[in-house]
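Structural description and commentary
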Amino acid sequence: MKKSFRTICALFVVFAMATVVLAGCSSTSTPSSSTTGTTPPASTFKAAMVTDIGGLGDKSFNDLSWAGLEKAKTDLGIETKVLSSKSIADYETNLTNLASAGFSPVFAVGFLMTDAVSKIASTTPDTNFGGIDIFFTNPPKNVVGLNFKEQEAGYLAGIVAGLATKASFDPRLNAQNVIGFVGGMPIPPVQRYEAGFVAGAKSVNPTVKVISLYAGKFDDQAKGKELGLSLISQGADVVFAAAGQTGIGTFTACQQSKKALFIGVDTDQFLTLTNPGDTILTSAVKRIDNAVFSVVKKAKDGAFPGGQNLTFGLADDGVGIAPYHDFDAKVPQAIKDAVDKATADIKAGTVTVPETLK
Amino acid sequence: MSETHEASVVRENLWMKALRTAGVPLLSVVLAMIIGSIIIKASGMDPLLAWGALLKGAFGSPDKWAAGNFREFGDTIGRATPLAFAGLALAFGFRANLFNIGANGQLLLGSITAAWLGLVLAGLPGVLSIPMILIGSALAGAAWAFIPAILKAKVGAHEVITTMMFSWIGLYLTSWIIAAPLKDAAGNSQTPMLAQSVWLPTFDKILPGLFRTPVNAHLGFVIAVVLAVVVWWVLKRTTLGYGVRAVGFNQWAAQNGGISIAKTTVYALCISGALAGLAGASEVLGTNHRMFDEVSAGSGFGFTGIAVALLAKSHPVAVVFSALLFGALSAGAGMMQLTANVSDRIIMIVQALIIFFVGAETVITWFIKRRQKRALEEKGATDVA
């Protein structure tokens, strides 16, 4: 009987080895057929992206970048691919695998991929790389940084907030002339939102008081709620949060207290939050999808904009402001006109929005 | 006649022992892969293609090896290195019946120490600075384990609670250090890049003849292998190791035998912490050359180390192989996504299944014992006949 157990074990090992050997053999022959099978034979242009550990479904940077690639797939007929990362060690592996599989450009989402992109770009000069929210120092010819003029979106949000706090189209708007800002961490993109928000509000309402609070974290909804309530207790009736998940807590504070309106960030948060209609006025948005699409298009036309850091602003449809949705009928025409005028001025270059607080 | 019979019994026992120590983990891996295949098949993908891609992503292919390109294999070794250190840390604790579940905190303290000392000692030659940094990180890891160890030894506070709590403190403490005093001028969530003098050399720098293209595998892996042998020797041949094993086996019996439970607990947990600290140092000096904020990097080597040690059944040398398996699984997952369209989450399921089956060892030993019993009964029956 012992022998029979031994036999069972041996069989298992043999089976395992057979599986491994078979798998090894199949790997050399099958991939080529599977890749050619799924793609139209005419298309040889392949673009891809590597997500950060947030992965697809984050309703933010990763999803927006993928939306840009999907648009390129539909409009330009190219092949696309996304690889998700579980930890920081996956960045390099995923970027290298995509490069060796012939994808170019390959987009890396997020600042933490800076080292990985720089390292791999130097060893694979034939592949082009794009870094979302990455500012490269001396990028080589095959690397482009995609950055955004968050201050311009913040400026438009500031105009909405600065005028709304003086208006009375909603019972929550008080007479204290105070608006609030919640930041995730004091890093450049968030600080640019803040600087633009303050400048925009002051441009239409010079006496407005803007209170800024920082959570120190992007993933702490409880802290975001606490800061939101703190702003409300200080009289703020419009609150703009550039704080990722933390900002969702700030939204909850506004909605539950019924004392303030909320302005979202990065994506149109009316579409991503739950039942936001009664509280969300608008969102300051970053059009990462447009930026990714434009780089892919240029690359396909043989003019990959490598060797530089691009900044996408209002003029390039790289940032903007979301629709008012449920508030559209309530928001006075004067606010809408002021936003349109500022948009035109910024695009024309007659107004330059500061990147930092004065 | 009786002598040969005894010899065969001894052989049989050795064989059973080997089966129990190596067979169960191997069987677990195979079973996990079979169930993983069923899941892949059920999600409409090709399991053979997926495992083939995994192997290719983890080890490369012969044509690349012939050209001296061991990038994939280097990736596996690079990923296995922190897991080997962390696995050793957990295994050492397990031997003393201590579950150092908060090893990740000690690891982060080791990382931040390396990231800081690496900046301070940048001017020294590597042969001096690297050993100093490694010792500093080991001490930092040990220090982070010391308070839970003292609490356990003096008032009996359970190390699962205390090390875990300290792991959270370590996570946010290092996160703050990276955001404020050690912030990189270029951006958030990372410390400044270290000078090349303190980098652990990669295999292509050590053996340029064999590794003709850059690889991620670095000297840290060699250090981990050497340490695995040292830990094995300490456990097997030294008084301290004897005490650790005795306390782990039965602490009251050990105490009766004159071994101090308190002292052994403190030593064991601090050594475990030191090994975890080295995991952090090797990652900073060998792989990233800076420290990333764990809150956004999400590496969690200390937690995977638990799985590594469990699969190795806390045998220090087996830890190295166990770490290599986990390294290969994570290195190959990317290729599996790319060529077989299989989500990398499948790999996490396989890893979880491996642990599940190792944990289900009792079921398997029960199965073996039942077989033995039935065999004896049958033998008895034939004897009577």
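Rules behind the numbers
Residues numbered from 1 in each chain as written. Chains lettered and ligands numbered in written order. Predicted model: local features only at pLDDT ≥ 70, side-chain atom pairs only at ≥ 80, totals over all residues. pLDDT = per-residue confidence, 0-100. Contact = placed C-beta atoms within 7 Å. Domains from an automatic or database assignment. Nonpolar A, V, L, I, M, F, W, Y, C, P; charged D, E, K, R; others polar. Pairing = 2+ DSSP bridges. Helix = DSSP H or I, 4+ residues; strand = E, 2+ residues; numbered from the N terminus. Axes fitted to C-alpha atoms, helices over the stretch in contact; angles between N-to-C directions. Buried ≥ 20, exposed ≤ 12 C-beta atoms within 10 Å, placed from the backbone. Right-handed = clockwise from strand over helix to strand, strands pointing away.

Side note on the confidence of the model for chain A
- Confidence in the prediction of chain A, expressed as mean pLDDT, is 87, and 88% of residues score 70 or more.
- Every residue in residues 17–42 of chain A scores below 50 in pLDDT, and together they form 19 contacts with partners more than four places removed in sequence or on other chains.

Topic: the domain arrangement of chain A
Residues and elements named next belong to chain A.
- Taken domain by domain, chain A comprises domain 1 (46–148 + 289–314) and domain 2 (150–285 + 328–348).
- Taken residue by residue, the interface counts seven residues in domain 1 and nine residues in domain 2.
- When grouped by side-chain class, the residues that make up the side of domain 1 that touches domain 2 number three nonpolar, two polar and two charged.

A few points about the sheet that holds strand E3 (residues 106–109) of chain A
Residues and elements named next belong to chain A.
- Pairing is parallel in the open sheet, where six strands are placed in the order E2-E1-E3-E4-E5-E11. A single partner strand is all that each edge strand has here, and the edge strands are strand E2 (79–83) and strand E11 (308–312). On average, each strand axis in the sheet is inclined to that of its neighbour by 20 degrees, with strand direction left out of account.
- Bridge count between strand E5 (residues 143–148) and E11: five bridges; the pairing is parallel. In the sheet register, Phe-148 faces E11, and the bridge partner there is Phe-312.
- Where helix H4 (residues 114–123) meets the sheet, its contacts fall on E3, strand E4 (129–132) and E5, and the angle it forms with E4 comes to roughly 170 degrees.

Brief notes about the sheet that holds strand E12 (residues 319–321) of chain A
All names here are of chain A.
- The sheet built from six strands is open, its strands ordered E7-E6-E8-E9-E10-E12 with mixed pairing. The open sheet has two edge strands with one neighbour each: strand E7 (209–214) and E12. Averaged over all pairs of adjacent strands, the angle between strand axes in this sheet comes to 15 degrees, irrespective of strand direction.
- With three bridges joining them, strand E10 (residues 280–286) and E12 adopt antiparallel strand pairing. Bridge pairing links Ala-284 to Ile-321 in E12.

Notes on the pairing of E3 of chain A
Residue and element names in this part refer to chain A.
- Along E3, one buried face is formed by Val-106 and Ala-108 and the opposite face, lined by Phe-107 and Val-109, is buried too.
- Where strand E1 (residues 46–50) lies against E3, three bridges are found, and the strand directions are parallel. Along E3, the bridge assignment pairs Ala-48 with Val-106.
- Here four bridges tie E3 to E4, and the two strands are oriented parallel to one another. Among the inter-strand pairings, Ala-108 is bridged to a residue of E4, identified as Gly-131.
- As a crossover connection, the stretch from E3 through H4 into E4 is right-handed.

Quick word on unusual backbone geometry
- Here the amide bond leading from Ser-104 of chain A into Pro-105 of chain A is cis, since omega sits at 5 degrees, within 30 degrees of zero.
- Mapped onto the elements of the fold, Pro-105 of chain A is located in the loop between helix H3 (89–100) and E3.
- Although it is not a glycine, Asn-275 of chain A sits at a positive phi angle of roughly 45 degrees.
- Mapped onto the elements of the fold, Asn-275 of chain A is located in the loop between strand E9 (261–266) and E10.
- You will see that Lys-313 of chain B, though not glycine, has its phi angle at about 50 degrees, which is positive.
- Residue placement: Lys-313 of chain B occurs in the loop between helix H14 (301–311) and helix H15 (316–340).
- Classification of Lys-313 of chain B by C-beta neighbours within 10 Å gives partly exposed; the count is 18.

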